[in-house]
Amino acid sequence: MKKIAIYSSHSFEVSYLVAANKEKHELIFINEALCIETVSLCMGCMGIAVFTSDDVSAEVLDLLAKQNIEFITTRSTGFDHIDLQRAKELGIAIAHVPGYSPNAIAEHTIALILALNRKIILSHEKVNDFDFRIDELIGFNLQGKTVGIIGAGKIGAVVCKILHGFGCKLIVSDINEDKKLVNYYNVHYTNLKELLNKSDIISLHAPLSEATNYIINAHAIAEMKNGVMLINTSRGKVVNTIDVLHALNDGHISYYGADVYENEQGVFFKQFPVKGIADPVLQALIRHKHVLLTAHQAFLTKEALYTIATMTIKNITSFIDKIVNPNLL
């Protein structure tokens, strides 16, 4: 039985991984994130499983190679936390969990839109204070609003499907055109500039790459409608947070909902004392009355955790048994 180290293991996922494993492999659960200081914790393991919060940079990979780590599987669809080029040079195989639950993330996206629009958080706080006045709680109908989807892959496509049910007008910016979205949900494909100009709500579902890094910046925001709602459940670094905060403060952006943050590594998935966050940008986001921030929980459903665990164990088994695996990167 081969030893496999599970870095950044969280209590919410351990039971799913154990059940999926069915005692095939010896799983070593490590609460700490993978980094230079924790590489030695996987000594004697054949492979490791990592999470988005782990550091799988070239420097870390070099140390893993010296410990004879043969493969890495990430418990995520995204893999921008892994230096794929260096892994290839070192002969370390990499796999991921593609499209494990687009519905989970898409539904969380809709939850952010509705909670911001209908001021659910403020309403809850007021009721808890026995304040039943509703003067500050005016929202708007989603029906008839134009929603721009940047990136209409598996997650973006589900968002289109749901918002079509609300009666929204859907426009999409993506390098690939999905005819099903056009035929079933009357989606209109357009360029980024037109999407920014016309959208009442903009939702980000693009993977992080050189092309999408800070795709939402001061220049892009200037192209948006006044009072726009911006939603990000993709990757933190597709948004320049400081530029968004400036736009929130001057009223150009009226609502910002996000499940990710560009400097979330080392912060999200942990608990801090009230004054324990040193990042002033994150503090400003948390305090802003027009921001709803969740801590990278969009994926967190029972169905998604089951799929992630099952596919992670499948990836590990494929590496060990040398079975062809479509999840290889």
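The structure we're discussing is the one just above.
Residues numbered from 1 in each chain as written. Predicted model: local features only at pLDDT ≥ 70, side-chain atom pairs only at ≥ 80, totals over all residues. Heavy atoms only, no water.

Helix and strand counts for the protein come out as 12 helices and 12 strands. In terms of its C-alpha atoms, the protein occupies a principal-axis envelope of roughly 60 × 50 × 35 Å. Residues counted as buried form 49% of the 329 residues belonging to the protein. Long-range contacts, defined as pairs at least 24 residues apart, comprise 66% of the intrachain contacts of the protein with a sequence gap of at least 6. Put simply, the protein shows about 16,600 Å² of open surface, and 54% of that area lies on carbon and sulfur atoms. The positive charge centre, built from 30 side chains, and the negative charge centre, built from 34, are 5 Å apart in the protein. (Helix = DSSP H or I, 4+ residues; strand = E, 2+ residues; numbered from the N terminus. Buried < 20%, exposed > 50% of the residue type's maximum accessible area, 1.4 Å probe, protein only. Contact = heavy atoms within 4.5 Å. Areas by Shrake-Rupley, 256 points an atom, 1.4 Å probe, with all protein chains shown as cover. Lys, Arg positive; Asp, Glu negative; His and termini not counted. Charge placed at Lys NZ, Arg CZ, Asp CG, Glu CD.)

Spatially, the 5 strands line up as an open sheet ordered S2-S1-S3-S4-S5, and their pairing is parallel. The open sheet is flanked by strand S2 (26–29) and strand S5 (93–95), the only strands paired with a single partner. Adjacent strand axes in the sheet meet at a mean angle of 20 degrees when their direction is disregarded. As defined by bridge partners, strand S1 (residues 3–6) adjoins S2 across 4 bridges and the pair is classed as parallel. Bridge pairing in S2 links Ala5 to Ile28. (Pairing = 2+ DSSP bridges. Axes fitted to C-alpha atoms, helices over the stretch in contact; angles between N-to-C directions.)

This part takes up empty space enclosed by the protein. Taken as a whole and assessed by the stated rule, the structure comprises 1 cavity of 30 Å³ or more. Taken as a whole, the largest cavity encloses approximately 30 Å³ of empty space. Every residue lining the largest cavity is listed: Asn232, Gly236, Val239, Thr241, Tyr256, Ala258, Val260, Tyr261, Glu262, Leu285 and Leu293. Considering only residue class, the lining of the largest cavity consists of 7 nonpolar, 3 polar and 1 charged. (1 Å grid on protein atoms, 1.4 Å probe; cavity = no way out; pocket = protein on both sides within 12 Å on 5 of 7 lines; lining within 4 Å. Points joined across faces, edges and corners; volume = space filled by probe spheres on them. Nonpolar A, V, L, I, M, F, W, Y, C, P; charged D, E, K, R; others polar.)

Here the focus is the nonpolar core. Of all hydrophobic cores here, the largest spans 30 residues; its most connected members are Ile216, Leu230, Val244 and Tyr256. Going through the elements one at a time, helix H8 (192–198), strand S9 (201–204), helix H9 (218–223), strand S10 (228–232), helix H10 (241–249), strand S11 (253–258) and helix H11 (280–287) are the ones with two or more residues in this core. No other element matches the 4 residues that H10 contributes to this core. Residue contacts for Tyr256: discarding those within four places in its chain leaves Leu116, Leu230, Asn232, Val239, Val244, Leu248, Leu285, His290, Val291 and Leu292. Ranked by size, the runner-up nonpolar core spans 27 residues in total, among them Ile149, Val158, Leu170 and Val172. (Core = buried A, V, L, I, M, F, W, Y, C linked by side-chain atoms within 4.5 Å.)

Further remarks concern the pairing of strand S6 (residues 146–150). Taking burial as the measure, the 5 residues of S6 include 5 buried ones, the bulk of the element. Both faces of S6 are covered, namely the face carrying Thr146, Gly148 and Ile150 and the face carrying Val147 and Ile149. Relative to strand S7 (residues 169–173), S6 is paired through 5 bridges, and the arrangement is parallel. The partner of Val147 across the bridge, within S7, is Leu170.

Before going further, it helps to spend a moment on the packing of helix H1 (residues 11–21) against helix H12 (residues 302–321). Contact pair H1 / H12: the axes reach a minimum separation of 8 Å and the direction vectors enclose 45 degrees. In this view, H1 runs oblique relative to H12, as classed from their interaxial angle. When you trace H1 past H12, the crossing you get is right-handed. Between H1 and H12, the residues in contact are Phe12, Glu13, Tyr16, Leu17, Ala20 and Asn21 and Lys302, Leu305, Tyr306, Ala309, Thr310, Thr312 and Ile313, respectively. (Parallel < 35°, antiparallel > 145°, perpendicular 65-115°, else oblique. Left-handed = near helix turned anticlockwise from the far one by under 90°.)

Counting buried positions along S7 yields 4 of 5 residues, so the element is predominantly enclosed. Once the chain exits S6 it traverses helix H6 (residues 154–165) before rejoining the sheet at S7, and the crossover so formed is right-handed. Bridge count between S7 and strand S8 (residues 188–189): 2 bridges; the pairing is parallel. Bridge pairing in S8 links Ile171 to His188. For the handedness criterion, the β-α-β arrangement of S7, helix H7 (residues 179–185) and S8 is classed as right-handed. (Right-handed = clockwise from strand over helix to strand, strands pointing away.)

This part covers H10. Within the span of H10, buried status applies to Thr241, Asp243, Val244, Leu245, Ala247 and Leu248. Of the surrounding elements, those touching the buried residues of H10 are H9, S10, S11, H11 and strand S12 (291–293). Backbone nitrogen of Ile242 and a side-chain oxygen of the N-cap are separated by 3.3 Å at the start of H10; the cap is Asn240. Once H10 finishes, Gly251 follows within two positions and takes phi at roughly 90 degrees, a positive value. (Polar contact = N/O pair within 3.5 Å; in protein donor to acceptor, adjacent residues only side chain to side chain.)

One can find Thr190 in the loop between S8 and H8. Measuring from C-alpha to C-alpha, the distance between Thr190 and Asp80 comes to 27 Å, with 110 residues separating the pair along the chain. Those residues within four positions of Thr190 in sequence are excluded, and the remaining contacts are Ile171, Val172, Ser173 and Leu195.

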